[in-house]
Amino acid sequence: MNSYITNCPGSGRLGGVQNILIGQDRIRRGLEELCKALKFLRCENEYEAQLAVVNGIHHIKEGLNMIRTGLCQLRIPLDSENLREFREGVRILCNVLKDLCSVLKDICCGRLAEAEKCLCHAIKCAGKGLCMIERGLGDMCRY
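A few points on the structure.

Definitions and cut-offs
- Residues numbered from 1 in each chain as written.
- Predicted model: local features only at pLDDT ≥ 70, side-chain atom pairs only at ≥ 80, totals over all residues.
- Heavy atoms only, no water.
- Axes fitted to C-alpha atoms, helices over the stretch in contact; angles between N-to-C directions.
- Helix = DSSP H or I, 4+ residues; strand = E, 2+ residues; numbered from the N terminus.
- Parallel < 35°, antiparallel > 145°, perpendicular 65-115°, else oblique.
- Left-handed = near helix turned anticlockwise from the far one by under 90°.
- Nonpolar A, V, L, I, M, F, W, Y, C, P; charged D, E, K, R; others polar.
- Expected span 1.5 Å × (residues − 1).
- Buried < 20%, exposed > 50% of the residue type's maximum accessible area, 1.4 Å probe, protein only.
- Contact = heavy atoms within 4.5 Å.
- Salt bridge = Lys/Arg side-chain N within 4 Å of Asp/Glu carboxyl O.

Right, let's talk about the packing of helix H1 (residues 13–42) against helix H2 (residues 46–74) for a bit. Relative orientation of the contacting elements H1 and H2 amounts to 165°, with a least axis distance of 7 Å. Between H1 and H2, the angle falls in the class roughly antiparallel. Along this stretch, H1 crosses H2, giving a crossing that reads as left-handed. Per-class residue counts for the contact of H1 with H2 are 17 nonpolar, 13 polar and seven charged.

Let us look at H2. Residues spaced three or four apart along an α-helix point in a common direction, a consequence of the helix completing one turn every 3.6 residues. In a regular helix each residue adds 1.5 Å, so 29 residues correspond to 42 Å; H2 covers 42 Å between its end C-alpha atoms and thus fits that length. Arg75 occupies a position one or two residues after H2 and carries a positive phi of about 60°.

All right, on to unusual backbone geometry then. For Glu44, which is not glycine, the phi dihedral falls at a positive 60°. As for its position among the elements, Glu44 is in the loop between H1 and H2.

We now examine the side chain of Gln24. Assignment of secondary structure puts Gln24 in helix H1. Residue Gln24 is classed as buried on the basis of its relative accessible area, which comes to 8%.

Our focus in this paragraph is H1. For H1, which comprises 30 residues, the first-to-last C-alpha distance of 44 Å matches the rise-based estimate of 44 Å (1.5 Å per residue) to within 8%. Remark: Glu44 follows H1 within two positions and exhibits a positive phi of approximately 60°.

Following both chains from N to C, one finds H2 and helix H3 (residues 84–108) inclined at 160°, their axes separated by 10 Å at the closest point. In terms of orientation, H2 and H3 fall into the roughly antiparallel class. Crossing angle aside, the handedness with which H2 passes H3 is left-handed. Contacts between H2 and H3 involve Glu46, Ala49, Gln50, Val53, Val54, Ile57, Ile60, Lys61, Leu64, Ile67 and Leu71 from the former and Phe86, Val90, Leu93, Cys94, Leu97, Leu100, Val103, Leu104, Ile107 and Cys108 from the latter. Class assignment of the residues belonging to the contact of H2 with H3 gives a composition of 18 nonpolar, one polar and two charged.

Positionally, Gly16 belongs in helix H1. Gly16 gets classed as buried once you look at its relative accessible area, which sits at 0%. Linking Gly16 and Arg68, residues 52 residues apart in sequence, is a C-alpha distance of 9.2 Å. Those residues in contact with Gly16 that lie beyond four places of it in its chain are Gly70, Gln73 and Leu74.

Another aspect to go through is the pattern of salt bridges. Under the counting rule described, the total for this entry stands at eight salt bridges. Note that Arg29 is salt-bridged to Asp25, the shortest N-O span being 3.3 Å. Of this pair, Arg29 and Asp25 are both found in helix H1, four residues apart, which corresponds to roughly one turn of the helix.

Dropping the structure here:
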């Protein structure tokens, strides 16, 4: 596979940086939604917890896509060794998305204790993944 993402919309360094920043913000919003979901779950408000988890999933996926688009616009090779931390952060967030699907299933099945435990783990991992992405992007943008 080519080391550059091809066929990306728009172009230009400013647009790329802007999309990366918007993507990071979307992931942060997703993390905030997950924290809301945990609060609702602990109050046994299953509907609001489910809604917040779905919103969190949406924001995280949207953020990852915005970052991908921004990197494409910047024409930065994704196979660069400098992006190891970035790629690991993305991998962690993808695993978080899988965990969040399990959280939704647990809530729907009335397994609130399991949902809470998995959601706590997902929130912790999402924070770690976001930090790794931010550090990786910071290192990458120096070049």
